[in-house]
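Now for the letters of each chain:
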Amino acid sequence: MEVKKVFFMTLVSLFLFSCELSLEHSGSVLLQHHYSLTYNGNSQDGGTVPAFMQSAAPGTEILVMGNSGNLTKDQFDVTGWNTEPDGTGFTLRQGDVLIMPAADVVLYALWEHA
């Protein structure tokens, strides 16, 4: 019986570690999962993506970064970020606000021919 109790407590601990624990005014406990935002250079020749990875709860406002790592690609300029590598997703520019969804987000460098 003691082994089951330890196993259960370990599972609960792991779950709580991956969630934000907060107290509401009523005193009840609210668990909220966090999702990650990362940047991808999308086949860049040089430079680095912004040195940034954020974990946030759904609904959190996150300020979109610019090309702080000086990404380069021969005959192309970075014009922003897109949620799809081929540019068919949602486009964001430096200073835009991303409302974090209930899913991980990857922002791909959006390249425009120079």
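Residues numbered from 1 in each chain as written. Predicted model: local features only at pLDDT ≥ 70, side-chain atom pairs only at ≥ 80, totals over all residues. Heavy atoms only, no water.

Draft legend 1. Structural context of the nonpolar core. Ranked by size, the top nonpolar core spans 14 residues in total, and within it Leu37, Val64, Trp81, Leu98, Met100 and Leu107 carry the most contacts. Within the residue set of this core, elements represented by two or more residues are β3 (35-40) and β9 (105-113). The greatest single-element share of this core, amounting to 4 residues, is contributed by β9. (Core = buried A, V, L, I, M, F, W, Y, C linked by side-chain atoms within 4.5 Å. Buried < 20%, exposed > 50% of the residue type's maximum accessible area, 1.4 Å probe, protein only. Helix = DSSP H or I, 4+ residues; strand = E, 2+ residues; numbered from the N terminus.)

Draft legend 2. How the structure looks around a nonpolar patch on the surface. Together, Leu63, Val97 and Ile99 line one region of the surface with nonpolar side chains, adding up to about 280 Å² of accessible area. Inspection of the secondary structure assignment puts leucine 63 in strand β5 (residues 61-63). (Patch = residues over 30% accessible without salt bridge, like charges linked within 9 Å, V, L, I, M, F, W, Y side chains within 5 Å. Areas by Shrake-Rupley, 256 points an atom, 1.4 Å probe, with all protein chains shown as cover. Salt bridge = Lys/Arg side-chain N within 4 Å of Asp/Glu carboxyl O.)

Draft legend 3. Region of interest: the pairing of β9. Where β3 lies against β9, 4 bridges are found, and the strand directions are parallel. Bridged to tyrosine 39 within β9 is leucine 107. In this structure, strand β6 (residues 76-82) lies alongside β9, joined through 6 bridges in antiparallel fashion. Each bridged residue has a counterpart across the sheet, and for valine 78 the counterpart in β9 is tryptophan 111. (Pairing = 2+ DSSP bridges.)

Draft legend 4. Geometry of the packing of aromatic side chains. Considering all chains together, one arrives at 1 aromatic pair under this definition. Between tyrosine 39 and tryptophan 81, the ring centres sit 4.8 Å apart and the planes meet at 70°, which makes this aromatic pair edge-to-face. Separated by 42 residues along the polypeptide, tyrosine 39 in strand β3 and tryptophan 81 in strand β6 bring together distant segments of the chain. Judged by its relative accessible area of 1%, tryptophan 81 falls in the buried class. We note lysine 73 situated over the ring of phenylalanine 76; from NZ or CZ to the ring centre the distance is 5.3 Å. (Phe/Tyr/Trp six-rings, centres within 6.5 Å; stacked < 30°, edge-to-face > 60°. Lys NZ or Arg CZ within 6 Å of the ring centre and 35° of its normal.)

Draft legend 5. Focus on unusual backbone geometry. Even without a glycine there, the phi angle at asparagine 42 is positive, about 55°. Turning to its location among the elements, asparagine 42 is positioned in the loop between β3 and β4 (53-56). The phi torsion at asparagine 70 lies on the positive side, around 55°, for a residue other than glycine. As for its placement among the helices and strands, asparagine 70 is situated in the loop between β5 and β6.

Draft legend 6. Spatial organisation of the environment of isoleucine 99. Positionally, isoleucine 99 belongs in strand β8 (residues 97-99). Taking the relative accessible area as the measure of exposure, isoleucine 99 reaches 46% and is therefore partly exposed. Between the C-alpha atom of isoleucine 99 and that of alanine 56, which follows or precedes it by 43 residues, the distance is 9.8 Å. Here isoleucine 99 is in contact with Gly59, Thr60 and Glu61, once residues within four sequence places are set aside. (Contact = heavy atoms within 4.5 Å.)

So, to be careful, I would describe these as geometric facts and stop short of saying anything about function.
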